[in-house]
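An overview of the molecular structure
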Amino acid sequence: MTARLAQLLPFLILVAGCAEPRPVTIAPPPLGPDALYAPMRVVPGRLEYAPDRTTFAPVLTERFDYPTQPQANAAYLRLIAAAPAGRSYPSSIWLFGCKPGALDPQTARVTRYRGPVVHCATDFLDERGARLWRETANFYYDRKLWTMDPVYPPRTPVAWRGREGSPKDFWSWLAGRPRYE
């Protein structure tokens, strides 16, 4: 019996790959409220869990208030529900790494705030769970809900003028002259 099953195994694997993909139904976004959680401690290489046993992003920089993976997905679904119809959106997100502060889309600098505001490297996933792309998104906690704010920082390098060198002071070798660095 086992030998016969072993002979049928390649055929069963082939047939399983031919199955039609199931249509994706996006559930309505949870209305909240979201609990505010902070990891007990942040240890590099160790996954941190919230008190309800949901996980935070795998990479956390310091002990701070972060959204859990389900809270981040709920914030993403609320964002999609408020977006204009007619566009297709990835089905879910997965947080990779988070750090306190919001990334400013104009200057591409991080600004720290008093309240729970974090920016996270966010993977956008298709309906099968495969990563489509990774972008930075800001998450902030307001009125007992985590809210997602996508960030599109400038991606072009700063155009320096002529790549000119620093001016040299001919008298810099004299003792007592100020040193400029």
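Residues numbered from 1 in each chain as written. Predicted model: local features only at pLDDT ≥ 70, side-chain atom pairs only at ≥ 80, totals over all residues. Heavy atoms only, no water.

So, on to the overall build of the chain. Within the chain, the secondary structure is distributed over two helices and seven strands. Taken from the N to the C terminus, the helices and strands of the chain come in the order α-β-α-β-β-β-β-β-β. Here the chain holds 181 residues, and the buried ones make up 29% of them. Here the analysis covers contacts within the chain between residues at least 6 apart in sequence; of these, 50% occur between residues at least 24 apart. Roughly 13600 Å² of accessible area belongs to the chain as shown, and the carbon and sulfur atoms make up 58% of that amount. (Helix = DSSP H or I, 4+ residues; strand = E, 2+ residues; numbered from the N terminus. Buried < 20%, exposed > 50% of the residue type's maximum accessible area, 1.4 Å probe, protein only. Contact = heavy atoms within 4.5 Å. Areas by Shrake-Rupley, 256 points an atom, 1.4 Å probe, with all protein chains shown as cover.)

Below, the discussion takes up the nonpolar core. Generally speaking, nonpolar side chains in soluble globular proteins are found buried as a group. One finds Tyr66, Ile93, Leu95, Cys98, Val118, Phe139 and Met148 to be the most contacted residues of the largest nonpolar core, which totals 22 residues. Among the elements of the structure, helix H2 (69-82), strand S2 (92-100), strand S5 (117-125), strand S6 (131-142) and strand S7 (145-150) are those that each provide at least two residues to this core. In terms of residue count, H2 provides more of this core than any other element does, four residues in total. (Core = buried A, V, L, I, M, F, W, Y, C linked by side-chain atoms within 4.5 Å.)

Here we take up the environment of Gly45. Inspection of the secondary structure assignment puts Gly45 in the loop between helix H1 (2-17) and strand S1 (59-60). Separated by 13 residues in the primary sequence, Gly45 and Pro58 place their C-alpha atoms 7.7 Å from one another.

Time to look at the state of the cysteines. Going through the model one piece at a time under the given rule, you end up with one disulfide. Covalent S-S linkage joins Cys98 and Cys120, the inter-sulfur distance amounting to 2.1 Å. With the S-S bond torsion at 110°, the cross-link from Cys98 to Cys120 turns out right-handed. Of this pair, Cys98 sits in strand S2 while Cys120 sits in strand S5; the two residues are 22 residues apart in sequence, bridging distant segments of the chain. Classification of Cys120 as buried rests on a relative accessible area of 1%. (Disulfide = S-S within 2.5 Å.)

Close reading of the predicted structure is inappropriate where its pLDDT is low. With 73% of its residues at a pLDDT of at least 70, the chain reaches an overall mean of 81. Scored below 50 in pLDDT, residues 17-26 makes three contacts in the model with residues more than four places away or belonging to other chains. (pLDDT = per-residue confidence, 0-100.)

Glancing now at the packing of aromatic side chains. Using the criterion set out here, one finds five aromatic pairs in the structure. A centroid spacing of 6.2 Å and a plane angle of 65° characterise the contact between Phe64 and Tyr66, whose relative ring orientation is edge-to-face. The class of Phe64 is buried, set by a relative accessible area of 17%. Aromatic pair Phe124 and Trp133: ring centres 5.3 Å apart, planes at 25°, arrangement stacked. The buried category is assigned to Phe124, whose relative accessible area is 7%. Given a relative accessible area of 36%, Trp133 falls into the partly exposed group. An aromatic cluster is defined as three or more aromatic residues linked by ring pairs; in this entry it consists of Phe56, Phe64 and Tyr66. Here the basic side chain of Arg53 rests over the ring of Tyr49, its NZ or CZ set 4.6 Å away from the ring centre. (Phe/Tyr/Trp six-rings, centres within 6.5 Å; stacked < 30°, edge-to-face > 60°. Lys NZ or Arg CZ within 6 Å of the ring centre and 35° of its normal.)

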